[in-house]
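Summary of the model geometry
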2 protein chains.
Amino acid sequence: MESISYGAIAAVLTTTAFLPQAFKVIRTGEAKSLSLSMFLMMFVGTLLWALHGFDLEDKPMIYANLTTSGLNAVILVIKIRSIIREKQVNS
Amino acid sequence: MESISYGAIAAVLTTTAFLPQAFKVIRTGEAKSLSLSMFLMMFVGTLLWALHGFDLEDKPMIYANLTTSGLNAVILVIKIRSIIREKQVNS
């Protein structure tokens, strides 16, 4: 029982954690201090976790990781756009 | 076999993803576009995943999540310091 409750709260927290970050970059359009590598690794990593979930036929694993992957994709797009904009300003 | 390889690459990516972000905030001391909520949720969430790992006696789960939790703690400290500094500048 105890292991179920730890795991459940952990799953909710680590799946939804990217939500406030996505909101923040959408609201401000600002992503300077974000690491491109981090969000790229999380995007690919959670996509692979979802594939792993497909292999295990584990629906919570598939949906949770596709959600996190989607949020990372949003953050990535804004981060890449801010890099391009910065390059244009500097050139 | 296929499920093992997806899962293994996924695990490496999502565990080490916070490393470049930690390096970036340490190097620049800048954390303005980071969401405090996100890194707080990841810190607590991965700590709870580690506790879940203790319950399951799953060593890779314990070590991987303690690593990610530690990296999130470093990022959090710099983020909170930057919030305090900004408040001092504005007052």
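A brief look at the structure comes next.

Thresholds applied
Residues numbered from 1 in each chain as written. Chains lettered and ligands numbered in written order. Predicted model: local features only at pLDDT ≥ 70, side-chain atom pairs only at ≥ 80, totals over all residues. Heavy atoms only, no water. 1 Å grid on protein atoms, 1.4 Å probe; cavity = no way out; pocket = protein on both sides within 12 Å on 5 of 7 lines; lining within 4 Å. Points joined across faces, edges and corners; volume = space filled by probe spheres on them. Helix = DSSP H or I, 4+ residues; strand = E, 2+ residues; numbered from the N terminus. Nonpolar A, V, L, I, M, F, W, Y, C, P; charged D, E, K, R; others polar. Patch = residues over 30% accessible without salt bridge, like charges linked within 9 Å, V, L, I, M, F, W, Y side chains within 5 Å. Areas by Shrake-Rupley, 256 points an atom, 1.4 Å probe, with all protein chains shown as cover. Salt bridge = Lys/Arg side-chain N within 4 Å of Asp/Glu carboxyl O. Buried < 20%, exposed > 50% of the residue type's maximum accessible area, 1.4 Å probe, protein only. Expected span 1.5 Å × (residues − 1). Polar contact = N/O pair within 3.5 Å; in protein donor to acceptor, adjacent residues only side chain to side chain. Contact = heavy atoms within 4.5 Å. Axes fitted to C-alpha atoms, helices over the stretch in contact; angles between N-to-C directions. Parallel < 35°, antiparallel > 145°, perpendicular 65-115°, else oblique. Left-handed = near helix turned anticlockwise from the far one by under 90°. Least-squares fit on C-alpha atoms with pLDDT ≥ 70 in both. Buried area = accessible area lost by both parts, 1.4 Å probe.

Remarks on the layout of surface pockets
In this structure, the largest pocket spans a volume of roughly 850 Å³. If you go around the largest pocket, you meet 25 residues; those closest to its centre are Thr14, Trp49 and Asn65 of chain A together with Thr14 and Trp49 of chain B. Secondary structure elements with two or more residues in the lining of the largest pocket: helix 1 (2–16), helix 3 (36–56) and helix 4 (59–90) of chain A together with helix 1 (2–16), helix 3 (36–56) and helix 4 (59–90) of chain B. A class-by-class count of the residues in the lining of the largest pocket yields 13 nonpolar, 10 polar and 2 charged.

Overview of a nonpolar patch on the surface
Residue and element names in this part refer to chain A. A contiguous nonpolar patch, built from Leu19, Phe23, Ile26 and Val74 and spanning about 360 Å² of accessible area, is present on the exposed surface. Top element by residues in the nonpolar patch is helix 2 (residues 18–28). It accounts for 3 residues. By the secondary structure assignment, Ile26 is in helix 2. The class for Ile26 is exposed, based on a relative accessible area of 52%.

So, helix 4 of chain B
Residues and elements named next belong to chain B. Across its 32 residues, helix 4 extends 46 Å between first and last C-alpha, which sits within 8% of the 46 Å expected from 1.5 Å per residue. Three or more residues of helix 4 are buried, namely Met61, Ile62, Asn65, Thr68, Ser69, Leu71, Asn72, Ile75, Leu76, Ile78, Lys79 and Ser82. Capping the start of helix 4 is the job of one residue whose side-chain oxygen sits 3.1 Å from the backbone nitrogen of Met61: Asp58.

Regarding the environment of Ala50 of chain A
Residues and elements named next belong to chain A. Mapped onto the elements, Ala50 comes out in helix 3. Of the residues examined, Ala50 reaches a relative accessible area of 2% and is grouped as buried. Leave out the neighbours within four places in its chain, and Ala50 touches Met61, Ile62, Asn65 and Leu66.

Focus: the packing of helix 2 (residues 18–28) of chain B against helix 4 of chain B
Residues and elements named next belong to chain B. The interhelical angle for the contact between helix 2 and helix 4, taken along N-to-C directions, is 25 degrees, at an axis separation of 9 Å. One element, helix 2, and the other, helix 4, form an angle in the roughly parallel class. Like other packed secondary-structure pairs, helix 2 and helix 4 cross with a definite hand, here left-handed. Every residue of helix 4 that contacts helix 2 at Phe18, Leu19, Gln21, Ala22, Val25 and Ile26 is listed here: Thr68, Leu71, Asn72, Val74, Ile75 and Ile78.

Here we look at the relation of the copies chain A and chain B
In summary, the two copies of the chain are related to each other by a rotation about an axis coupled with a shift along it. Mapping chain A onto chain B calls for a rotation angle of 180 degrees and an axial translation of 0.0 Å; the resulting RMSD is 0.0 Å. In symmetry terms, the pair is related by a two-fold rotation axis. Residue Ser33 of chain A of chain A places its C-alpha closer to the rotation axis than any other residue of that unit, at 2.7 Å.

Considerations on the interface of chain A and chain B
At the junction of the two partners, chain A supplies 36 residues and chain B supplies 36 residues. Roughly 3100 Å² is buried in total at the junction of chain A and chain B, and carbon and sulfur atoms are behind 72% of that figure. The largest share of the area that chain A buries against chain B comes from Tyr6, Ser33 and Met41 of chain A, three residues that together contribute 20% of it. Linking chain A with chain B are 0 salt bridges, by the criterion used here. Where chain A touches chain B, the interface holds 15 residue pairs in polar contact (both at pLDDT 80 or more). For the side of chain A that touches chain B, the elements supplying multiple residues, two or more each, are helix 1, helix 2 and helix 3 of chain A. Tallying contributions element by element places helix 3 of chain A first for the side of chain A that touches chain B, with 14 residues.

Everything listed here is a matter of coordinates, which is why it stays silent on function.
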